[in-house]
Every structure is written in structure tokens, then in C-alpha cells.
Amino acid sequence: MKLFKKSLYIAAAMVVSFVSIQCKDGKKKEASTEVAKSVAKVTITKESFGTTEDNIPVDNYTLKNSNGMEVSVITYGGIIQSLKVPNKDQVIEDVVLGFNSLAQYEKPNPYFGALIGRFGNRIAKGKFSLDGKEYTLATNDGENHLHGGPEGFHRKVWSATENQTEHSASLVLTYLSKDMEEGYPGNLQVEVTYMLTDKNDLAVTYSATTDKKTVLNLTQHSYFNLSGDFSKTILDHDVTIDADKYLPVDATLIPTGELRDVTGTPFDFREAKQVGKEINSDNEQLKRGLGYDHCWVLNGKEGEIAFAASAYDKASGRMLEVYTNEPAIQFYTGNFLDGTLPSKQGGNYEHRTGFCLETQHYPDSPNQKDFPSVVLEPGQNYKSSTVFKFSVK
Ligand code: BGC
């Protein structure tokens, strides 16, 4: 309960500090006021999303703000099942890839919309050591461990509590990950809050405690397509990433340990650039990732919430800005989407029809002593915050 109150407080504080960032910018303020004209009330609705193969009931919570923006989150995997956002003509459309049925989410899929834990991205060969003791995790990505393992947080049914204020709607999800679940030490009590505000911000706040020393790196795995039309690729979106450096990877997508300067490379997104502009360049790193599938080292100070990245779709006018206190962001351009998975809109998800901006610590940190630590000790409170801020221009 204490943890619950604390994270609501953190989420609220984040949104407040966020509002002040935005108020400095006249233009952005104007855009969000315009959207706010059709004033309605903040609402939260709950309906069944079916039952899992193991017969566990799953709910779908829809948080709606007074601008008509809404997010639907299912208790299975804490998955953002839909995110409906106005375009420049006030047309509200879904901007995240996903499925219409629980059965489809239970089949193998590339973590559409899910909460990722205990570890975002890869751990080399599924092994790491803490205090001289080696831990072995499942290898579910060639020889490596990916996104917490085959039975990671994306496949757990979370407990949910809703919370509403005049200008925000929140869903608090909790999950107890038992000692040695998927090979990780410690009973880990995790709490994730999704908060939708009348500023069209979706804040995601994570907190966790453990009873044994462990490693932790939580993130959110939504695939965005700001056009609202999932038959289109995201190659014409303009992206910025506030990072002077990125982490080159080996052939199995594990960081080599080097922090490489983006200057003069296709990895330079410090000025807005179309995703497709250089994605097919003759560049070894792009070949390894089959496109962008890398971690950028953010310029912001670690631990402080700062601007990390943005994406803009000119045709719809939708703009997404990502703010976080995490030191890095994984930019993944849906390179493994191959037309085999069914779209919510009919048809299938084709190559590069969605992109992810996953705020996180660096991949493989438990094995790389020069990377910022991901160790969580008993008595410490893991805290991570990300805001997905939507506007039109
Ligand atoms: C990873 C990709 C992976 C994708 C889906 C991303 O976070 O960086 O390599 O294919 O998730 O699993």
C-alpha cells in the first residue's frame, strides 16, 4: 500500500514537472488547448478481455481523458492494447500495434505493447554473476536471453487498481515475481502505474523492491505507428533522439561495450530525420540489426527526467515526445515484422509498420562492468519513469 501511494505521488509529481516544461513553450501549449475544446470527463471503464489458456480471467481497462484520448490496458502482460490519439483534424485513431484477442497475445509475438521484465533487451548467453554466484536464465533469442525470458512479465496476469482525479485516470498494476522466477534471484514486488492526463500525457511509472540482491531493467514495448494506419510503414516518420552516442552490437545483438559517437553516421538523430532516410545504408551496424535495433545513450543526466526522443508523422500531424529518467533508449524499427501476424485493422503487420522507443538501462548491463548498474538490493526502491507525450503540429 505504501509502495502504491508512493508511486502515485511520483507519477503525479512527474506530470506536474512536465506541465511546467511545456508551459515554457507557447506553441505546444496552444496545440494542447485546441485539442481540449471538446471538454468531456475523465473516465475509466473495465470489461472482460477473456480468460487465459490456464483459465485466468483477464480484464481490459480503458482510461479516457477529456480530449477523447484513450488507452486500453489489459491485465495480461500489462499490455497497452490500444492507444487512441487525436490527429491535427481531431480525428481519434489507434496508434499502437497489437491484437484484438487474448488468444493471439498468448501465442508467440514480438512483445506487442507489453511490460517487459525482469530485464529489457538481451543478457549475453543468459548468464550473469552477482557476488560470485552465477545465475542461468533461459535463452530465448539464439544463444541470448531476451526481455525477461519466455515466461517474462509480458505473460503474467497483473492485479489492477484504478484511480481517478479530475484531470487524470490511472491504472496501478502489481505483480509478485517469486525468487528464481525465470532464473532471477529475489522475491520481487513490482508496481507499474499508467496515468493518462488531460495534457495528453501517458506517464508510465515503475517501482520495485526485492528481498535478495538482483538485477532489474523494466520497460514498455509499445510499437507505434502515428499515422493510425497499420498498413503503412513508419519509414516516413521524423525521429529525433537526444543522444551523442549509441551502443554498437555484435552479430547476436549484444553491445560490444563501446559507446560510439553518432556524428556522421546513420545513428545521428540529434536533428529530426526520416527513419527511412539512411536505414538501408551500407553500414555494418544497420546490417546486424536489419535496420535500427540499438540502444542510444541519452544526453540527459541519469536519474533526472529529461527529453529523450520524439517521432512525428507529418500527414496526421501527430507528434510523440518521450521523456524519461532512464539513461538510455532502444530504438527498434520493427525489422522482424514479416507479414505473418494479424493486424487489429485487418490484414497483417508487414515489415517496419511499427517502431519502439524503449526507455531502459543498457542491454547486457549485468555482464558489462562499465555500464550503469542495474543491481537492486534489499532495502532499495527501484524507480523508473517515462512519459509519452502526444500533441499535434
Ligand atoms: C529488440 C529486438 C527484438 C524486439 C522484439 C526489441 O526490443 O531490440 O531485437 O526483436 O524487441 O522482440
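Per an unreviewed UniProt entry, the protein is named Aldose 1-epimerase, and its organism is Wenyingzhuangia marina. What UniProt states about the protein under its Subunit (unreviewed entry) heading is, verbatim, "Monomer." Under the UniProt heading Pathway (unreviewed entry), the note attached to the protein is "Carbohydrate metabolism; hexose metabolism."

Helix and strand counts for the protein stand at four helices and 27 strands. For 393 residues, the compact-globule estimate of 2.2 N^0.38 gives 21 Å, and the protein sits close to it at 20 Å. Structurally, the protein occupies a C-alpha span of about 60 × 50 × 40 Å along its principal axes. In the protein, which comprises 393 residues, the proportion classed as buried is 58%.

Let us now look at the sheet that holds strand β11 (residues 159-165). Strands sit in the order β11-β12-β13-β14-β27-β23-β22-β17-β20 across an open sheet of nine strands; the sheet is antiparallel. A strand with exactly one partner marks an edge of an open sheet, and here the two such strands are β11 and β20 (273-274). Of the strand pairs in this sheet, strand β13 (residues 188-197) and strand β14 (residues 201-210) are connected by nine bridges, and their pairing is antiparallel. Each bridged residue has a counterpart across the sheet, and for V190 the counterpart in β14 is A208.

Okay, the UniProt feature "binding site: beta-D-galactose" (unreviewed entry) in the protein next. Listed under "binding site: beta-D-galactose" (unreviewed entry) in the UniProt record, and renumbered for this structure, are N121, R122, H221, S222, Y223 and D293. Of the residues annotated just before, the second largest cavity has N121, R122 and D293 among its lining. Take R122: it is sitting in strand β7 (residues 122-123). Given a relative accessible area of 5%, R122 falls into the buried group. A polar contact is formed between the side chain of R122 and the side chain of N121, at a distance of 3.4 Å. As for its position among the elements, Y223 is in the loop between β16 (219-221) and β17 (238-241).

The biggest cluster of nonpolar side chains holds 59 residues, and the ones touching the most others in it are L83, I241, W296, I329, F331 and F390. Ranked by residue count, the leading element in this core is β13, at five residues. Residues in contact with I329, not counting those within four places in the same chain, are I241, H294, C295, W296, L298, A308, A309, V322, L357, E358 and T359.

So, about the pattern of salt bridges. For the coordinates displayed, the defined rule picks out 19 salt bridges. Through salt bridges with shared partners, a single ionic network connects D131, K213 and E377.

Let's shift gears to the site of the ligand. Within the structure, the ligand sits among 13 residues, and R122, H147, H221, D293 and E358 are positioned closest to it. The side chain of H221 places a nitrogen or oxygen atom 2.8 Å from an oxygen atom of the ligand. For the ligand, an oxygen atom lies 2.7 Å from a polar atom in the side chain of E358. Relative to its free-state accessible area of 310 Å², the ligand is covered by the protein chains to the extent of 95%. A breakdown of the residues in the shell around the ligand according to their chemical character gives six nonpolar, four polar and three charged.

Considering every residue of the protein, the mean pLDDT works out to 92; 90% of them sit at 70 or more. Across residues 1-38 the pLDDT falls below 50, and counting only partners more than four positions away or on other chains, this stretch makes 51 contacts in the model.

Time to look at empty space enclosed by the protein. Under the definition given, this model contains three cavities of 30 Å³ or more. Considering only enclosed or pocket space, the second largest cavity measures out at about 60 Å³ in volume. Taken together, N121, R122, L247, V249, L253, P255, D293, H294, C295, Q330 and P363 make up the lining of the second largest cavity. The dominant element in the lining of the second largest cavity, judged by the number of residues it contributes, is strand β21 (residues 293-297), at three residues. Looking at the lining of the second largest cavity residue by residue, the classes come out as six nonpolar, three polar and two charged.

Considering the arrangement of structural elements, one finds I92 in strand β5 (residues 92-94). What makes I92 partly exposed here is its relative accessible area of 35%. Note: C-alpha distance between I92 and D268 (176 residues apart in sequence) is 32 Å.

What follows deals with the UniProt feature "active site" (unreviewed entry) in the protein. In the numbering adopted here, UniProt assigns the feature "active site" (unreviewed entry) to H221 and E358. Taken along the chain, the residues just named run across 138 residues; in space they keep tight, none of their C-alpha pairs more than 6.2 Å apart. As for its placement among the helices and strands, H221 is situated in strand β16. Sequence-distant contacts of H221, defined by excluding residues within four places in its chain, comprise P110, Y111, F112, G113, A114, I116, H147, C356 and E358. Inspection of the secondary structure puts E358 in strand β25 (residues 356-360). The exposure class assigned to E358 is buried, which follows from its relative accessible area of 2%. The contact partners of E358, leaving out residues within four places of it in the chain, are H147, T219, Q220, H221, A328, I329, Q330 and Y332. In this structure the side chain of E358 is engaged in a polar contact, spanning 3.4 Å, whose partner is the side chain of H221.

Each value, and the rule that gives it
- Residues numbered from 1 in each chain as written.
- Predicted model: local features only at pLDDT ≥ 70, side-chain atom pairs only at ≥ 80, totals over all residues.
- Heavy atoms only, no water.
- UniProt positions renumbered as here; feature names shortened; annotations may be inferred.
- Helix = DSSP H or I, 4+ residues; strand = E, 2+ residues; numbered from the N terminus.
- Rg over C-alpha atoms; globule rule 2.2 N^0.38 Å.
- Buried < 20%, exposed > 50% of the residue type's maximum accessible area, 1.4 Å probe, protein only.
- Pairing = 2+ DSSP bridges.
- 1 Å grid on protein atoms, 1.4 Å probe; cavity = no way out; pocket = protein on both sides within 12 Å on 5 of 7 lines; lining within 4 Å.
- Polar contact = N/O pair within 3.5 Å; in protein donor to acceptor, adjacent residues only side chain to side chain.
- Core = buried A, V, L, I, M, F, W, Y, C linked by side-chain atoms within 4.5 Å.
- Contact = heavy atoms within 4.5 Å.
- Salt bridge = Lys/Arg side-chain N within 4 Å of Asp/Glu carboxyl O.
- Near = heavy atom within 4 Å.
- Areas by Shrake-Rupley, 256 points an atom, 1.4 Å probe, with all protein chains shown as cover.
- Nonpolar A, V, L, I, M, F, W, Y, C, P; charged D, E, K, R; others polar.
- pLDDT = per-residue confidence, 0-100.
- Points joined across faces, edges and corners; volume = space filled by probe spheres on them.

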